[in-house]
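Chain residues, written in single-letter form:
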Amino acid sequence: MPESKRLFFAIELPADIQTQVIHWRAQHFPPEAGRPVAAANLHLTLAFLGEISAEKQRALEGLAGRIRQPGFTLHLDDAGQWLRSRVIWLGSRQPPRGLLQLADMLRAQASRSGCYQSPQPFHPHITLLRDASRAVPIPPPGFRWSFPVSEFALYESQFIQGRTRYTPLNRWTLTTE
Ligand code: 2AM
């Protein structure tokens, strides 16, 4: 059987923001609120590809490498809970146009290559807690973390010895050149 991997394009969080986010999470959400995502696994998904072959991976990497657009600044100033998918998340009240453009492009490329893309509108978010099945108070977003996004990456998602691990396989710089 040809090798396939579970892949997605995403934006990584800088280490200092990662630290602040997990501190904020520990302060505001008790253990029963949900299962915390490991600090190193915090990311913002741009396009989920599912299980794909090495051939399709190469094709999508080639298309990703042709994307030309400048970087942008991401403000994390919103948080919420989706009971349906049982997640507590962090996001932006006004996602930057560059983020939406990049996600649109990657999702369109994925769709044209035969990767199913949900018809739901794209809601950029960073999942903080999973299995959050009971509604919990979400602290008002009295915080504002901002960071420049100058690259995006292709990640592999693996479930090894009971743990989810995301490994970056390839990265691209956002540039107009
Ligand atoms: P989530 O954090 O909202 O669960 C790796 O699993 C990443 O891909 C996660 O960010 C996850 O989003 C996202 N993901 C997993 N399955 C997906 C699907 N079927 N459609 C869209 N995104 C998905």
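Residues numbered from 1 in each chain as written. Predicted model: local features only at pLDDT ≥ 70, side-chain atom pairs only at ≥ 80, totals over all residues. Heavy atoms only, no water.

Which residues make up the site of the ligand, and what values go with them?
In the region of the ligand, the neighbouring residues are Phe8, His43, Thr45, Phe48, His125, Thr127, Arg130 and Tyr166. Contact between the ligand and histidine 43: an oxygen atom at 2.7 Å from a side-chain N or O atom of the residue. Separating an oxygen atom of the ligand from a side-chain N or O atom of threonine 127 is a distance of 2.5 Å. Residue assignment for the shell around the ligand shows that the elements contributing at least two residues are β3 (43–53) and β7 (126–130). Examining the composition of the shell around the ligand, we find that three residues originate from one element, β3, more than from any other. (Near = heavy atom within 4 Å. Polar contact = N/O pair within 3.5 Å; in protein donor to acceptor, adjacent residues only side chain to side chain. Helix = DSSP H or I, 4+ residues; strand = E, 2+ residues; numbered from the N terminus.)

Before we move on, can you summarise the pairing of strand β10 (residues 163–173) with the specific residues and values?
Relative to β10, strand β9 (residues 151–160) is paired through 10 bridges, and the arrangement is antiparallel. Bridge pairing in β10 links glutamate 151 to threonine 173. Linkage of β9 to β10, two consecutive antiparallel strands, is achieved through a turn of two residues, within which glutamine 161 is found at a positive phi near 50°. (Pairing = 2+ DSSP bridges.)

Can you lay out helix α1 (residues 15–28) for me, pointing to particular residues and giving the numbers?
With 14 residues, α1 extends 20 Å from end C-alpha to end C-alpha; this agrees with the ideal 20 Å at 1.5 Å per step. Within α1 the residues assigned to the buried category are Ile17, Gln18, Val21, Trp24 and Arg25. In an axial view of α1, the angular spread of the buried residues amounts to 130°, which keeps them on one side of the axis. Among the exposed residues of α1, those pointing more than 90 degrees away from its buried face are Ala15, Thr19, His23, Ala26 and Gln27. Here the buried face of α1 lies against β2 (35–36), β4 (72–76), β5 (78–82), β6 (87–91), β7 and β8 (145–149). (Expected span 1.5 Å × (residues − 1). Buried < 20%, exposed > 50% of the residue type's maximum accessible area, 1.4 Å probe, protein only. Arc of directions from axis to C-beta. Contact = heavy atoms within 4.5 Å.)

Could you give me a rundown of the layout of surface pockets, with the residues and numbers involved?
Taken as a whole, the largest pocket encloses approximately 970 Å³ of empty space. What lines the largest pocket is a set of 26 residues, and nearest its centre among them are Thr45, Phe48, Trp82, Ser85 and His125. Every element with two or more residues in the lining of the largest pocket is listed here: β1 (4–12), β3 and β7. Considering every element that reaches the lining of the largest pocket, the biggest residue donor is β3, with six residues. Taken together, the residues of the lining of the largest pocket sort by class into 12 nonpolar, 10 polar and four charged. Volume-wise, the second largest pocket comes out at about 290 Å³. (1 Å grid on protein atoms, 1.4 Å probe; cavity = no way out; pocket = protein on both sides within 12 Å on 5 of 7 lines; lining within 4 Å. Points joined across faces, edges and corners; volume = space filled by probe spheres on them. Nonpolar A, V, L, I, M, F, W, Y, C, P; charged D, E, K, R; others polar.)

Could you give me a rundown of the nonpolar core, with the residues and numbers involved?
By size, the foremost hydrophobic cluster in this structure holds 45 residues, and its most contacted members are Phe9, Leu46, Leu49, Leu90, Leu106 and Phe152. Residues within four places of leucine 49 in sequence aside, it is in contact with Leu7, Phe8, Phe9, Leu60, Ala110, Cys115 and Leu154. The next biggest cluster of nonpolar side chains, apart from the first, holds five residues, and it includes Phe8, Ala10, Tyr155 and Tyr166. (Core = buried A, V, L, I, M, F, W, Y, C linked by side-chain atoms within 4.5 Å.)

Break down the UniProt feature "active site" (unreviewed entry) in the protein chain for me, citing the residues and quoting the values.
If you check UniProt for "active site" (unreviewed entry), the listed places come out as His43 and His125 in our numbering. These residues run over 83 residues, yet every pair of their C-alpha atoms falls within 8.3 Å of each other. None of the other annotated residues line the largest pocket; only His43 and His125 do. Mapping histidine 43 onto the fold places it in strand β3. Relative accessible area serves as the criterion here: at 11%, histidine 43 is assigned to the buried category. Ignoring sequence-local partners within four residues, the contact set of histidine 43 consists of Phe8, Ala10, Ile11, Leu13, His125, Ile126, Thr127 and Tyr166. Within polar-contact distance, the side chain of histidine 43 engages the backbone oxygen of asparagine 41 at 2.7 Å. Position of histidine 125 relative to the elements: it lies in the loop between α3 (97–112) and β7. A polar contact of 2.7 Å, which involves the side chain of histidine 125, links it to the backbone oxygen of histidine 123. (UniProt positions renumbered as here; feature names shortened; annotations may be inferred.)

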